[in-house]
Amino acid sequence: MSRDLAWRRRFVAAFDPYRELSPQECAALYVRRDGSPAARIVEALEEGESRARIALVGARGSGKSTELRQVMHRLSADGAALVPILVDIGDGLPEGATTVAWLPVVAAAARAARLDWGGKAPSGDPLPAALMSIGVGTELLDGLLDVVRVVGPWLGPQGLVATAAATTLKPATELLGSAARAAQAAKPTRTMLDSLIGALRLELSSLAQAAGRGAVLLLDGLDKRPTADAVFAALDEADLLTGLPAALVISGPMQLQVDGRFAALLTPGGFDPLTVHNIPVVDRQGAARPAGVELLSKLFDCRWKEAGLGDPLVPPKFVNEAARWSSGIVREFLTLVRDTGKAALRDGRALAIQADLELAIRERRHTMEITLDASRWDVLAGVLEDGERPARELDDMVFQNAIVCYQNDSVWYRPNELLVPYLEHRAKAGR
């Protein structure tokens, strides 16, 4: 098969590490892992319906967004228990944002879903006035209605993804950020917030009447917050959501999972924790674990086949090696596979060689190593030696995946595999 420009574009798109699966793509490209988070979420939602509150946490790039999209895919089937509404509340969220900053986009998503399902408009239409009172004018609401159909799609009553013409939109992040900053700057009173929550409740109730079942809000994006404290700030007024006639699922970073407040169920909003662990591609000594490697290899095969790429570019041996070097982080795996293939194509080879994989690994390693000073290398050396969570420098190194967490017979920690070679060299040098 010719490796022309069209082919190369399909290859890069298939292994784009930041690609978010559409609901339709989940059927072909979702690979179920042990203890499937999506299956467990659907089970909890079906059993608890509108009372369910779940916080899905894990490393950046571990697959949380994909799990949420699989939840949406499953709940979009005929006869599902709930109507899923997926929206990225982290896009454009300003520094120090609290719940009020992302409430406007959630309200807009609820209204767009209600309109798509043909729900009756609430009497008096209180939503525009409630948003205006916290600084989000009608022009922003109109824009948000379009944006949420693109950045947070859902399946409407005809089983189609609701979308808007992209040419009519401002850049999504800019518009979402404008709404979030306006709401944050307004410093709304409790009365204003109660009015907005009341309007949101009416939108969700009208949607439920039209659809014949309640809704679940799948709120993605809080894993963009760099610390556990930033996540807690973003959920500062999440108790306001407790009375909504909708189930809630949020995603959050690994830093939240290791915070004692989270384990003690003290997260604002009363969320139950559910962790997306790194795929177990290595054991405690760093040897490859076949089950985890095979899962990522299956993901590679699914994407290759779905893109119709034909003859192989990256041999299975290198795919397996990339899986181990990825530390079980899906995004890292896709990056290594993509960059290995691109290195081969750049040099005019129809099949990648070992040097292509080594180049991809080296580039990723250097990107991570350049952020580490002597103090952090000391911390990582301790993690490699004892497999325990460090007492310092945790938030930042977990956020950048320099330290990863695995689940086996117990929860244990290990430096990112990309960093292990230098740590072993350092230990031999007596440092």
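Scope of this entry: the structure provided in the associated data block. Just so it is clear, the model here is predicted, and its values are computed rather than measured.

## What about empty space enclosed by the protein?
The gaps left among the atoms become clear once a water-sized probe is rolled over them.
Logical step 1: This structure, assessed with the given rule, holds one cavity of 30 Å³ or more.
Logical step 2: Size it by volume and the largest cavity reaches roughly 70 Å³.
Logical step 3: In terms of lining, the largest cavity is formed by 13 residues, of which the most central are Asp91, Ala101, Val105, Leu176 and Ala180.
Logical step 4: Looking at the lining of the largest cavity, the elements with two or more residues in it are α5 (99–116) and α8 (172–185).
Logical step 5: No other element matches the four residues that α5 contributes to the lining of the largest cavity.
Logical step 6: A class-by-class count of the residues in the lining of the largest cavity yields ten nonpolar, one polar and two charged.

## Considerations on the pattern of salt bridges
Logical step 1: In this structure the tally under the stated criterion is 14 salt bridges.
Logical step 2: Aspartate 220 serves as the salt-bridge partner of arginine 69, at 3.5 Å between the closest nitrogen and oxygen. Note that arginine 69 is positioned in helix α4 (residues 64–75) and aspartate 220 in strand β3 (residues 215–220), a separation of 151 residues in sequence.
Logical step 3: A relative accessible area of 3% places aspartate 220 in the buried class.
Logical step 4: Bridged by salt links that share partners, the residues Arg111, Arg114, Asp125 and Glu203 form one connected network.

## What to know about the sheet that holds strand β2 (residues 83–88)
Logical step 1: Strand order in this open sheet of five strands is β2-β3-β4-β1-β5, and the pairing throughout is parallel. Both outer strands of the open sheet, β2 and β5 (272–276), are each paired with one neighbouring strand and no more. The average undirected angle you get between the axes of adjacent strands in this sheet is 20°.

## Side note on the side chain of arginine 33
Logical step 1: Structurally, arginine 33 can be placed in the loop between α2 (26–29) and α3 (37–48).
Logical step 2: Within the local environment of arginine 33, its side chain forms a polar contact with the backbone oxygen of serine 62, the two atoms lying 2.7 Å apart.
Logical step 3: Looking at arginine 33, its side chain comes within polar contact range of the main-chain oxygen of histidine 277, at 2.9 Å.
Logical step 4: With residues up to four places along the chain from it excluded, the contact list for arginine 33 reads Ser62, Gly63, Glu67, Val276, His277, Ile279, Leu295 and Val330.

## What about the packing of helix α1 (residues 5–14) against helix α15 (residues 330–346)?
Logical step 1: Relative orientation of the contacting elements α1 and α15 amounts to 160°, with a least axis distance of 10 Å. The angle between the axes of α1 and α15 places the two elements in the roughly antiparallel class. Once α1 is placed against α15, the crossing between them reads as left-handed. Contacts between α1 and α15 involve Trp7, Arg8, Phe11 and Val12 on the former and, on the latter, Val337, Arg338, Gly341, Lys342 and Leu345.
Logical step 2: Its residues assigned to classes, the contact of α1 with α15 shows five nonpolar, one polar and three charged.

## A word on the pairing of β2
Logical step 1: Counting buried residues in β2 gives six out of six residues, a clear majority hidden from the surface.
Logical step 2: The side-chain alternation of β2 yields two buried faces, one formed by Val83, Ile85 and Val87 and the other by Pro84, Leu86 and Asp88.
Logical step 3: Alignment of β2 against β3, held across six bridges, turns out to be parallel. Within β3, the position partnered with valine 83 by the bridge is alanine 215.

## Considerations on the packing of aromatic side chains
Logical step 1: Evaluation of the coordinates by the stated rule reveals nine aromatic pairs.
Logical step 2: Measuring from ring centre to ring centre gives 5.8 Å for tryptophan 7 and phenylalanine 11, while their planes differ by 10°; the resulting arrangement is stacked. Highlighted residues: tryptophan 7 and phenylalanine 11, both in helix α1, separated by four residues, approximately one helical turn.
Logical step 3: Since its relative accessible area comes to 0%, phenylalanine 11 is described here as buried.
Logical step 4: One aromatic cluster in this structure is built from Trp7, Phe11, Phe15, Phe300 and Trp304.
Logical step 5: The residue whose ring lies beneath arginine 3 is tryptophan 7, and the NZ or CZ to ring-centre distance is 4.4 Å.
Logical step 6: One Lys or Arg, arginine 324, reaches over the ring of tryptophan 325 and ends 4.7 Å from the middle of that ring.

## Some points on the nonpolar core
Logical step 1: Membership of the largest hydrophobic core comes to 64 residues, with the highest contact counts inside it found for Phe15, Leu45 and Phe333.
Logical step 2: Apart from residues lying up to four places away in sequence, phenylalanine 15 is in contact with Phe300, Arg303, Trp304, Leu309, Leu334, Val337 and Arg338.
Logical step 3: If you look at the next biggest cluster of nonpolar residues, it comprises 61 residues, including Val87, Ile134, Ala215 and Phe232.

## A closer look at unusual backbone geometry
Peptide bonds are mostly trans, and most non-glycine residues show a negative phi.
Logical step 1: A positive phi angle, near 45°, is found at lysine 187, a position not held by glycine.
Logical step 2: Tracing the sequence through the fold places lysine 187 in the loop between α8 and α9 (190–211).
Logical step 3: According to the relative accessible area criterion, lysine 187 is exposed, its value standing at 67%.
Logical step 4: Here asparagine 401, not a glycine, exhibits a phi torsion of approximately 65°, which is positive.
Logical step 5: Checked against the element boundaries, asparagine 401 lands in the loop between α18 (394–399) and β6 (403–407).

Here is what the cut-offs are and how they apply
- Residues numbered from 1 in each chain as written.
- Predicted model: local features only at pLDDT ≥ 70, side-chain atom pairs only at ≥ 80, totals over all residues.
- Heavy atoms only, no water.
- 1 Å grid on protein atoms, 1.4 Å probe; cavity = no way out; pocket = protein on both sides within 12 Å on 5 of 7 lines; lining within 4 Å.
- Points joined across faces, edges and corners; volume = space filled by probe spheres on them.
- Helix = DSSP H or I, 4+ residues; strand = E, 2+ residues; numbered from the N terminus.
- Nonpolar A, V, L, I, M, F, W, Y, C, P; charged D, E, K, R; others polar.
- Salt bridge = Lys/Arg side-chain N within 4 Å of Asp/Glu carboxyl O.
- Buried < 20%, exposed > 50% of the residue type's maximum accessible area, 1.4 Å probe, protein only.
- Pairing = 2+ DSSP bridges.
- Axes fitted to C-alpha atoms, helices over the stretch in contact; angles between N-to-C directions.
- Polar contact = N/O pair within 3.5 Å; in protein donor to acceptor, adjacent residues only side chain to side chain.
- Contact = heavy atoms within 4.5 Å.
- Parallel < 35°, antiparallel > 145°, perpendicular 65-115°, else oblique.
- Left-handed = near helix turned anticlockwise from the far one by under 90°.
- Phe/Tyr/Trp six-rings, centres within 6.5 Å; stacked < 30°, edge-to-face > 60°.
- Lys NZ or Arg CZ within 6 Å of the ring centre and 35° of its normal.
- Core = buried A, V, L, I, M, F, W, Y, C linked by side-chain atoms within 4.5 Å.

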